Amino acid sequence: MSNSVIRFRSALCRGGVLLLATAAPAVAGDGPADPLGSVMWEALRDQYFAGAPVVFDGRVKVMAPTSAEDTRAVPLSVDATALDRVVELVAIADLNPFPLVLRYHPGTASPYIATRIKIQQATAVRGAARTADGVWHVSGVLVDAAGGGCSAPPASYAQKDWADHVGEVQARLWPAGDEGTARLRLRIRHPNDTGLVDGIPAYFIETLSVSAQTAGGSPELARIDSLEPVSENPVFSLDVRPPPDATALILRGRDNQGGEIRATIPMPPPDARPAMSLKAMDPLRSVGQ
Amino acid sequence: MRASLLRRLALGTALTVGLLSGAALAAGPLTYGLKPTRIAPDTYVFEGSTKHFTRSNGGNILNAGFIVTTDGVIVIQTGPSRRYGEEMRAAIRRVTDKPIRKVFISNLHPDYWLGSQAFTDVAIAALPGTIAGIEEEGRGIADNMYRLVGDWMRGTEVVVPTEPVLGSTVKFGDHTLRLIPLHGHTAADLMLLDETTGVLFTGGVVFCDRTPTTPHATVADWLAELDAVEALDIRLLVPNHGHIRPDKACVAQTRDWLTWLDGTLRRAVENGLDMADALELPIPERFAVLDVLREEYRRSVAHLWPKIEQDSLPRVN
């Protein structure tokens, strides 16, 4: 898509907002109007960012497809690395029965998280980053979708032995690259059931913490508060900063029924290369944008 | 600056008005305007768009066909909706008054069989895997088409093919058809080679100047299907999506795309890229000839990435 089309669209958005503001000034809430025009914005803002200053900020990059091919696992990444001193990231899908997807406490890690989420219908999907001064920086995209991602039963239940595999962890750590962060990918076997299917209780991972194993202790590197909309068998990509003397990473987690998750992730082999980055690629070589 | 914004707003209004009058036009009776093209002796194709399903094309993105034999008409695919099937049958009637002898459905994707209501008085043949796929997923596939193309689907219901077929060579009057069962594009792909004319209906196995779709694909098996096409002696290749050609150039094109797609996603997984980033990976210049390129590429990331990733990550507990 050309830049002029993007500019044109953004002018249309602004135009739409102007018209709305003129027609109904009484219903406008506090703070800036939502560039995505979502009917849920003001309610969600008050619920999740209560009282805190909120700005729409394009430096928070949210990536998700414009159309969801599989509403049970829509890829989503929130990247706030362009901001300084980010202490928390949240992801929100406005029109989900559970809008809050996750809260990420990056600690010493980079303010970047990617996962896959369930989407119940076409919706605004947002990433928000709280900086140390207490301001929430919000950005997002619209994702079109057929219905039902949150209320579909997990595919795991079709396998007789699914319960034997809950909590199995697959993981890989890549060495730190130029930016000093090491890509960590986690995949955890879990139904991550929303509880919306009649008679089946909610069953999902609630917390995941990554720490470093060192001779002097095990400092926490990052923590995820994960919620219902995260996909079945969740996958997370994080960019962590293991201390130089780390001998492994430790993953500890718990689901809402008290099930524990624990795994030891080995350091990358000496000949491994850092993870690739889309930023390093030349978009001019591409067609079909 | 302000003048420029006003101009853009004015343009926006003009566009909106344009869209509204377009919608008003579309509110008239919907019609696909199907016109058969004669591509070989006794052989006709209804050439569809190379786009994705939209509310303006009503799902007409396929090359349905028919062969007029001395033993009746052989129909190949019935289109995306009841309306398409009915229009197709009426258009066939304008070419010949011979009865419909048999319908063949190449796979379970929506545009191949949702027009079958217009042919329930004859045998509708498909591979057993296609019949099972339509029994299992047909309802969901139909629902999704209602969402994608809307009113064009009115009255369309699932019709499960009635006659399971296997690999065989069958004579219909003066034409000899070879039924070629394969798997890869979907779990059951039926190609039809008319040995009398040398016309090959590839179904979804070959795409031509249109990005291949992968919702039920196993790439390695699909590449083996392309080998099978290469081995055939043909005079004309009719892909279900894209251009009809007298050569096998699009077999190579389909192979090139699938090989690039699979290799690129595997390398990206192996090198730690995330799936959301993979949606934006650069696509080489040579694929610019494929229609709906970025859109289908992104759909393919959704279809293929999770399995590649699951297979590549080591267990750690």
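Residues numbered from 1 in each chain as written. Chains lettered and ligands numbered in written order. Predicted model: local features only at pLDDT ≥ 70, side-chain atom pairs only at ≥ 80, totals over all residues.

(A) Highlighting the confidence of the model for chain B. Residues and elements named next belong to chain B. On average, residues of chain B carry a pLDDT of 92, and 91% of them reach 70 or more. A low-confidence stretch, residues 1-25 stays under pLDDT 50, and its non-local contacts, those more than four residues away or across chains, total 7 contacts. Taken over the whole predicted complex, pTM reads 0.87, whereas the ipTM for its chain interfaces reads 0.85. (pLDDT = per-residue confidence, 0-100. Contact = placed C-beta atoms within 7 Å.)

(B) Molecular detail of unusual backbone geometry. Phi angles above zero are rare outside glycine, and asparagine 233 of chain A is one such case at about 45°. Summarising the element assignment, asparagine 233 of chain A is placed in the loop between strand E12 (220-226) and strand E13 (235-240). Despite not being glycine, glutamine 77 of chain B has its phi angle at roughly 70°, a positive value. Tracing the chain through its elements places glutamine 77 of chain B in the loop between strand E4 (72-76) and helix H2 (82-95). (Helix = DSSP H or I, 4+ residues; strand = E, 2+ residues; numbered from the N terminus.)

(C) Quick peek at the environment of leucine 142 of chain A. All names here are of chain A. Residue position: leucine 142 is located in strand E8 (residues 136-143). Look at leucine 142 and you get partly exposed, because 16 C-beta atoms sit within 10 Å. As a C-alpha pair, leucine 142 and alanine 93 span 49 residues in sequence and 9.5 Å in three-dimensional space. Setting aside its immediate chain neighbours within four residues, leucine 142 contacts Leu36, Thr66 and Ala124. (Buried ≥ 20, exposed ≤ 12 C-beta atoms within 10 Å, placed from the backbone.)

(D) Structural detail: the nonpolar core. Of all hydrophobic cores here, the largest spans 146 residues; its most connected members are Leu89 and Leu251 of chain A together with Phe66, Met191 and Val301 of chain B. Sorting elements by how many residues they give to this core places helix H6 (residues 249-270) of chain B first, with 8 residues. If near-sequence neighbours (up to four positions away) are discounted, methionine 191 of chain B is found in contact with Ile180, Leu182, Leu200, Phe201, Thr202, Gly203 and Val205 of chain B. (Core = buried A, V, L, I, M, F, W, Y, C linked by C-beta atoms within 7 Å.)

(E) Broad picture of the sheet that holds strand E2 (residues 61-63) of chain A. All names here are of chain A. Spatially, E2-E3-E6-E13-E10-E9 is the arrangement adopted by the 6 strands of the open sheet, whose pairing is antiparallel. The outermost strands of the open sheet, each flanked by one partner alone, are E2 and strand E9 (169-173). Averaged over all adjacent pairs, the angle separating strand axes in this sheet is 10°, with direction ignored. Examined bridge by bridge, strand E3 (residues 74-79) and strand E6 (residues 112-117) share 6 bridges and lie antiparallel to one another. By the bridge assignment, valine 74 is partnered in E6 with isoleucine 117. (Pairing = 2+ DSSP bridges. Axes fitted to C-alpha atoms, helices over the stretch in contact; angles between N-to-C directions.)

(F) Just the interface of chain B and chain A, in detail. Chain B puts 37 residues into the contact, and the matching count from chain A is 41 residues. Elements with a contribution of two residues or more to the side of chain B that touches chain A: helix H1 (2-26), helix H4 (128-149), helix H7 (275-278) and helix H8 (293-312) of chain B. Looking at the side of chain B that touches chain A element by element, the count peaks at 10 residues for H8 of chain B. A class-by-class count of the residues in the side of chain B that touches chain A yields 19 nonpolar, 7 polar and 11 charged. (Nonpolar A, V, L, I, M, F, W, Y, C, P; charged D, E, K, R; others polar.)

(G) Just the sheet that holds strand E8 (residues 168-172) of chain B, in detail. Residues and elements named next belong to chain B. Spatially, 5 strands are ordered E8-E9-E10-E11-E12 in an open sheet, and the strand pairing comes out mixed. The sheet is open, and its two edges are formed by E8 and strand E12 (236-242), each paired on a single side. The average undirected angle you get between the axes of adjacent strands in this sheet is 30°. Relative to E12, strand E11 (residues 199-208) runs parallel, the two sharing 6 bridges. Bridging from a neighbouring strand, valine 199 pairs with leucine 236 of E12. Along the sheet, helix H5 (residues 219-230) makes contact with strand E9 (175-182), strand E10 (189-194) and E11, crossing E11 at roughly 150°. Where H6 meets the sheet, its contacts fall on E11 and E12, and the angle it forms with E11 comes to roughly 25°.

(H) Spotlight on H4 of chain B. Residue and element names in this part refer to chain B. Along H4, the sharpest kink reaches roughly 65°, centred on glutamate 137. Thr130, Ile131, Gly133, Ile134, Ala142, Met145 and Val149 are the residues of H4 that are buried. Structurally, H4 contributes buried residues whose contacts are with helix H3 (110-113), strand E6 (124-126), strand E7 (163-164) and E10. Directly beyond the C-terminal end of H4, a positive phi value near 70° is found at glycine 150. (Bend = angle between axes of the 7 residues up to and from the residue.)

(I) Spotlight on the pairing of E12 of chain B. In terms of burial, E12 of chain B is largely enclosed, as 6 of its 7 residues are buried. Read as a crossover between parallel neighbours, the route from E11 of chain B over H5 of chain B to E12 of chain B is right-handed. (Right-handed = clockwise from strand over helix to strand, strands pointing away.)

(J) A look at helix H2 (residues 41-48) of chain A. Taken residue by residue, H2 of chain A has Trp41, Leu44 and Arg45 of chain A as its buried positions. On an axial view of H2 of chain A, the arc spanned by its buried residues comes to 105°, and they lie on one face. (Arc of directions from axis to C-beta.)

(K) The arrangement of the packing of H5 of chain B against H6 of chain B in detail. Residues and elements named next belong to chain B. It is the contact of H5 with H6, at a shortest axis distance of 10 Å, that shows an interaxial angle of 165°. When the axes of H5 and H6 are compared, the pair comes out roughly antiparallel. Seen along the crossing, H5 lies across H6 with a hand that is left-handed. Of the residues in H6, those touching H5 at Val219, Trp222, Leu223, Leu226, Val229 and Glu230 are Val251, Thr254, Arg255, Leu258 and Asp262. Within the contact of H5 with H6, the residues separate by chemical class into 7 nonpolar, 1 polar and 3 charged. (Parallel < 35°, antiparallel > 145°, perpendicular 65-115°, else oblique. Left-handed = near helix turned anticlockwise from the far one by under 90°.)

(L) Structural detail: the packing of H6 of chain B against H8 of chain B. All names here are of chain B. Put simply, H6 and H8 touch, their axes get as near as 10 Å, and they point 50° apart. When the axis of H6 is compared with that of H8, the two are oblique. With respect to the hand of their crossing, H6 and H8 are arranged in right-handed fashion. Mapping the contact onto sequence places Leu261, Leu265, Arg266, Val269 and Glu270 in H6 and Ser300, Val301, Leu304, Trp305, Ile308, Glu309 and Ser312 in H8. Partitioning the contact of H6 with H8 into residue classes produces 7 nonpolar, 2 polar and 3 charged.

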